[in-house]
Amino acid sequence: MAELTYNEKRLMVVLNAIKKATPEVIAGELNTTAAAVVQFAHLCADKGIASLDRTVTVSYSLTTEGEQYATLGLPERQVYTSFRNETSMKDLQAHPLSRIAIGWMKKKGWVAIEKGQVKKTGDAPEGADEVALRDPAASREGILELVKRGLAEETETTTYTIAITETGKALVEAGLDLREETGTLTREQILSGDWKDLNLRRYSVDKLPKRIVPGKIHPYQRLINEMRSVLLEMGFIEMYGDVVQSSFWNFDALFQPQDHPAREMQDTFYLDSTTPLPENWEAVRDIHEHGGTTSSVGWGGTWMPAKAQTNVLRTHTTGLSIQYLKDHPADPVKAFCIGRVYRREAIDPTHTPEFEQLEGIVMDKDVSFRHLMGFLKEFYGRMGFEDVRFRPAYFPYTEPSVEPEVYVDGLGWVELGGAGIFREEVTDPWGVKYPVLAWGLGVSRVAMLKMGLRDLRQLYRSDVDWIRDTPMMQGGRD
Amino acid sequence: MPIIKLPYEYLETLTGTDRETIINRVPMIGADIERIEEDHIDVEFFPDRPDLFSTEGVARAMQGFLGLKTGINDYPVTPSGISFRVDPSLAEIRPFLGSAVIRNVSLTEEAIESLMGLQEALHWAVGRGRGKVAIGVHDMDTVTPPFYYQAAPRDRAFVPLDFEEEMTLEEILGRHPKGMDYAHLVRDCERFPLITDAEDNVLSFPPIINGELTKVTTATKNILLDCTGTDMKAVMTAVNNICTALADAGATIESVEVDGTPIPSLAPSVRTVSADECRRLLGIPLTAEEMAAHLRTMRFGAEAESEDEVKVTVPCYRADIMHDWDIFEDVAISYGFENFDAALPESFTTGKPHPVMVMMDGVREILAGLGFLEMMPFTLTNERVLYTAMQREPNPGVLRLQHPISEEQTILRTDILPMLVETLQINHHRELPQRLFAIGDCVETEETFQKVAAVSIHTEADFSEIYACADALMREMHIPYEIEESDDPAFIPGRRADIIVDGKKAGVFGELNPDVIRAFELDAPVCAMEIDLRCVQARFSL
């Protein structure tokens, strides 16, 4: 049997003495309320050491309106006695109670109404309702009628009888520890060692605590931080840059021809402002027009500086990479960035006009396409994607290009990002001497794969309960 | 990206191998199989490879890749004796013309479908939606040379393709389905481009529609090709790709004199590349001989001229070959990506997080420690959320999108707090209390900087609660600050304060004005703060 609380023990001691009693009597003995006694008795009854009998009694009493009629008679009785054998409806309607009374007189068959004349039919004997009006206990039928008319009301009274069982008796007779229970320990009790002699209240381990939630970093930010850690561990320096970029850095410096469809207004967010071209912009112009000093033939045509000055919300973070290379021309360079990028797309479960992109670059004397594959395998492996394979791909600013695919249980081979070696047309204007390996991927796509997310909007318009319920230590690296 | 329909039987006939082999190997030349159907496959190719936009072109590439036929195809061109004159007044409208005569075609339904598919894909990838290049193919035996490419008056009439009655050029733009689709390309010109024959019959109204007269059918034996456009290089890419595809299907190609110049030549170009540069770029040990063999597999002409030099003959249809590295990529594809020995370089480098990220990580740690949950709202928003609902005046430095995609997202955020209050609105049905924070980029007159905001909503949220949080955040960020009464209308007067750092306002906190609470359809007290993290950057000189 579960341990008894101090109060349950006290109840049992009293019960053992008086065997059977109402809560009110026991409450007097225990110096508490009857309600508390009922609660203790319930707990004891659950343990089979006491019994609790519940009796519900119903009593009736008149309402204020009912009390009035008890003295003066029901409205129909008052009106009935106000005329002799017959009267006109019109006269009768002059009586203040006529509105209630006429209906009842007719219903009870006391009068007949014909052609505007009201005629008594007999002597109108006293009904059960009138008996109950004098004494609510005298007629059950009558009092229910009065309850319906709102002239009387029902009151339920619950009474309990508490008794001790045989098991209970045996328990009390075996002896109970009646020392008072202690809840929270005091400083004195801890210092003096008194706590050892106290009757410490026991807590039920079956009862769940009230749920609390710690402050948390967003699950998506945790994933981003995990990717940052992977790249920092691999020896990469983190880049950070402005959201607003000139078309020059976002497109032209990446050898995107000025008439490329990705530069059109339906794909890119343009702003109503411009940024002056940086020093050495002429080298980019030459590359576009005829390949500059490289083995490239360029795109041909005339490159327009005005078009390059227009500001856009960055459509990728690759513009930051090339600016980083310009500022850090000495090898080796290993740099990365995870940042928000913008594409002019309507919001739906798999598209948002802004999302995070990861991008990494490596510039070094002897790096080659083979090393790009090595970096991709290492990075995806550390992210928990063990199987990686490569397929030919096309990206405007890399050559050769490659599309890595990772194997995901239940989905098969999944495309995850793109990679390649920056075209010489991209690096040459900035005096970059060695090949630049580059790769990028959509971070939200990894979130969908790793967090089982179905709707990207959950990342940016999060349900608080999703954050509360997502364990902090989940979806991490194995 | 263009999706090309490849009918099995036609592809098998052209390639000389079975469909299974092709389906297995086609992704390795750089393509995605979209659908495998009973009689054909749909394959997506990259936009830089227009030579793969036809069944004939894919067959040519697969023959090489499978070792059935390697090296460069020869495309002989003989003069047709036919001439084409270009009206100089087209200079401002649509100046360039490419042409060819293609004889002895045997056009099955499949060959016509392949030709139409090639034309459409070229229009998209090379022609930029017909603006840069538009292509017309004509049954040459219905018209009489010489031909004339002219700027015609808008009321000139002819019977356009798939119609029975004559329409003026003007009417075509208004009523013909293709006319309506492409009207924007010519509408602003006074006169419109038109191609006519010696008897003034209309062949085409480029870039809109051909005439019904020269419609190509299975009975067509000889084709006249016209490609018009605004860029001669792109025009010739289209001409070369159509001619070589039809030549591979058995036709013979003849040149046309365009203002005295014979077009096309279909001659390959020559590049001498370095085997050493290729080895270093790809990281694979190949001799010049081996490299040349790989290039022949990719249907280039290639001979090792010395230990280091490989002379590469580039077919005229390979418009993507702009630089030597483009050739090296084809070596890599032939070598097989799966055969590369992936490796990490040996250079030693150390990693380092960006100071802005370190700062934001620190602030996240502080606010999570204070019991707040992080949110990551969008940076695109609208004036109602950012200013009107907050009862604030618009920031003069706010950036507006020129062509927003929805009314919800028209500007870039200058503050984060309004987004966070909007997040409370999204979560109004969730249990209280809710304590949320957000940190990230804001933009003001092109400058990107960071802000952090925090909100607390529950029945007892008040000034003291948020003051304590703001104080804790400032202390933990190690920023000395002062407090002044605020006049920010987003908060209740007498229950709001500004955070002052180095004599400048760096943040604000207090109890949100109930009108603001109602504007976001909330119904409990909200206390909130927002801090401009430039005050942290300034002190740590990030």
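Described in the following lines is the structure provided in the data block. Since this is a predicted model, take the numbers as computed values, not measurements.

**Here's the deal with the overall build of chain A**
No. 1: If you tally the helices and strands in chain A, you get 21 helices and 19 strands.
No. 2: The C-alpha radius of gyration computed for chain A amounts to 45 Å, which surpasses the reference 23 Å derived for 478 residues by more than 25%, pointing to a less compact arrangement than a globule.
No. 3: Along the longest, intermediate and shortest principal axes, the C-alpha atoms of chain A span 125 × 85 × 45 Å.
No. 4: Split into buried and exposed, the 478 residues of chain A put 49% on the buried side.
No. 5: Here chain A displays about 23400 Å² of accessible surface, and carbon together with sulfur accounts for 50% of that area.
No. 6: Of note, chain A has its 56 positive side-chain charges centred 6 Å away from the centre of its 69 negative side-chain charges.

**Considerations on a negative patch on the surface**
No. 1: The grouping of Glu9, Glu37, Glu38, Asp39 and Glu110 of chain B at the surface amounts to a negative patch.
No. 2: For Glu110 of chain B, the location among the structural elements is in helix α4 (residues 109-125).

**Considering the packing of helix α1 (residues 6-18) of chain A against helix α3 (residues 34-46) of chain A**
Residues and elements named next belong to chain A.
No. 1: The N-to-C vectors of α1 and α3 enclose an angle of 90 degrees; their axes lie 9 Å apart at closest approach. When the axes of α1 and α3 are compared, the pair comes out roughly perpendicular. Contact residues: α1 offers Asn7, Glu8, Leu11 and Met12, while α3 offers Val37, Phe40, Ala41, Leu43 and Cys44.
No. 2: Across the contact of α1 with α3, the residue classes break down as 7 nonpolar, 1 polar and 1 charged.

**Details of the pairing of strand β14 (residues 252-258) of chain B**
Residue and element names in this part refer to chain B.
No. 1: With 5 of its 7 residues buried, β14 lies for the most part within the structure.
No. 2: Inspection of the sheet shows strand β5 (residues 96-103) paired to β14 by 3 bridges, in the antiparallel sense. Across the sheet, residue Arg103 finds its bridge partner in β14, namely Thr252.
No. 3: Relative to strand β15 (residues 261-263), β14 runs antiparallel, the two being bridged by 3 bridges. Residue pairing across strands places Glu257 opposite Pro262, the latter belonging to β15.
No. 4: As consecutive antiparallel partners, β14 and β15 are separated by 2 residues, and within that stretch Asp259 has a phi angle of approximately 50 degrees, a positive value.

**Observations regarding the interface of chain A and chain B**
It is common to give the size of an interface as the accessible area lost on bringing the parts into contact.
No. 1: On the chain B side, the residues contacting the 90 residues of chain A number 79 residues.
No. 2: Carbon and sulfur atoms supply 59% of the area that chain A and chain B bury against each other, a total of about 7500 Å² over both sides.
No. 3: Looking at the side of chain A facing chain B, the largest losses of area belong to Tyr240, Arg370 and Pro392 of chain A, adding up to 10% of the total buried there.
No. 4: Summed over the shared surface of chain A and chain B, the result is 8 salt bridges.
No. 5: Of the charged contacts in the structure, one is a salt bridge between Asp259 of chain A and Arg128 of chain B, with a shortest N-O distance of 3.4 Å.
No. 6: Our count for the contact surface shared by chain A and chain B stands at 47 residue pairs in polar contact (both at pLDDT 80 or more).
No. 7: Residue contributions to the side of chain A that touches chain B peak at 8 residues, all from helix α17 (residues 369-382) of chain A.

**Focus on unusual backbone geometry**
No. 1: Note that the residue after Asp331 of chain A, namely Pro332 of chain A, is joined by a cis bond; omega there is -5 degrees.
No. 2: For Pro332 of chain A, the location among the structural elements is in the loop between α16 (318-327) and β13 (333-342).
No. 3: Cis geometry is adopted by the peptide bond preceding Pro146 of chain B, which originates at Pro145 of chain B and carries an omega value of -5 degrees.
No. 4: Its location among the elements puts Pro146 of chain B in the loop between β6 (133-139) and β7 (147-152).
No. 5: Even without being glycine, Glu446 of chain B reaches a positive phi, approximately 70 degrees.
No. 6: Tracing the backbone shows Glu446 of chain B in the loop between β22 (434-444) and β23 (447-457).
No. 7: The backbone of Glu521 of chain B sits at a positive phi, close to 55 degrees, despite the residue not being glycine.

**A word on the sheet that holds strand β3 (residues 86-88) of chain A**
Residues and elements named next belong to chain A.
No. 1: The sheet built from 3 strands is open, its strands ordered β3-β5-β4 with antiparallel pairing. The sheet terminates laterally at β3 and β4 (111-114), the two strands that pair on one side only. Within the sheet, the average angular offset between the axes of one strand and its neighbour, ignoring direction, is 20 degrees.
No. 2: Here β3 runs beside strand β5 (residues 117-120); their pairing, made up of 3 bridges, is antiparallel. Counted as the bridge partner of Thr87 is Val118 from β5.

**Here we look at the environment of Gln458 of chain A**
Residues and elements named next belong to chain A.
No. 1: Structurally, the position occupied by Gln458 is in helix α20 (residues 457-460).
No. 2: We classify Gln458 as partly exposed; its relative accessible area is 23%.
No. 3: In sequence terms Gln458 and Tyr220 are 238 residues apart; their C-alpha atoms lie 9.8 Å from each other.
No. 4: Beyond its immediate chain neighbours, meaning those up to four positions away, Gln458 contacts Leu453, Asp463 and Trp466.
No. 5: Of note is the side chain of Gln458, whose polar atom sits 2.8 Å from the backbone nitrogen of Asp463.

**Details of the nonpolar core**
No. 1: Residues Phe369, Phe379 and Trp439 of chain A together with Phe45, Ile102 and Leu225 of chain B are the most contacted members of the largest nonpolar core, which totals 174 residues.
No. 2: Take this core: its biggest share by element is 10 residues, from helix α7 (residues 232-248) of chain B.
No. 3: Setting aside chain neighbours within four positions, we find Ile102 of chain B in contact with Lys221, Asn222, Ile223, Leu225, Ile242, Cys243, Leu246, Ala251, Thr252 and Ile253 of chain B.
No. 4: Judged by nonpolar contacts, the second largest core, of 31 residues, contains Ala497, Ile499, Val501 and Cys527 of chain B.

Reading guide: rules and limits
Residues numbered from 1 in each chain as written. Chains lettered and ligands numbered in written order. Predicted model: local features only at pLDDT ≥ 70, side-chain atom pairs only at ≥ 80, totals over all residues. Heavy atoms only, no water. Helix = DSSP H or I, 4+ residues; strand = E, 2+ residues; numbered from the N terminus. Rg over C-alpha atoms; globule rule 2.2 N^0.38 Å. Buried < 20%, exposed > 50% of the residue type's maximum accessible area, 1.4 Å probe, protein only. Areas by Shrake-Rupley, 256 points an atom, 1.4 Å probe, with all protein chains shown as cover. Lys, Arg positive; Asp, Glu negative; His and termini not counted. Charge placed at Lys NZ, Arg CZ, Asp CG, Glu CD. Patch = residues over 30% accessible without salt bridge, like charges linked within 9 Å, V, L, I, M, F, W, Y side chains within 5 Å. Salt bridge = Lys/Arg side-chain N within 4 Å of Asp/Glu carboxyl O. Axes fitted to C-alpha atoms, helices over the stretch in contact; angles between N-to-C directions. Parallel < 35°, antiparallel > 145°, perpendicular 65-115°, else oblique. Contact = heavy atoms within 4.5 Å. Nonpolar A, V, L, I, M, F, W, Y, C, P; charged D, E, K, R; others polar. Pairing = 2+ DSSP bridges. Buried area = accessible area lost by both parts, 1.4 Å probe. Polar contact = N/O pair within 3.5 Å; in protein donor to acceptor, adjacent residues only side chain to side chain. Core = buried A, V, L, I, M, F, W, Y, C linked by side-chain atoms within 4.5 Å.

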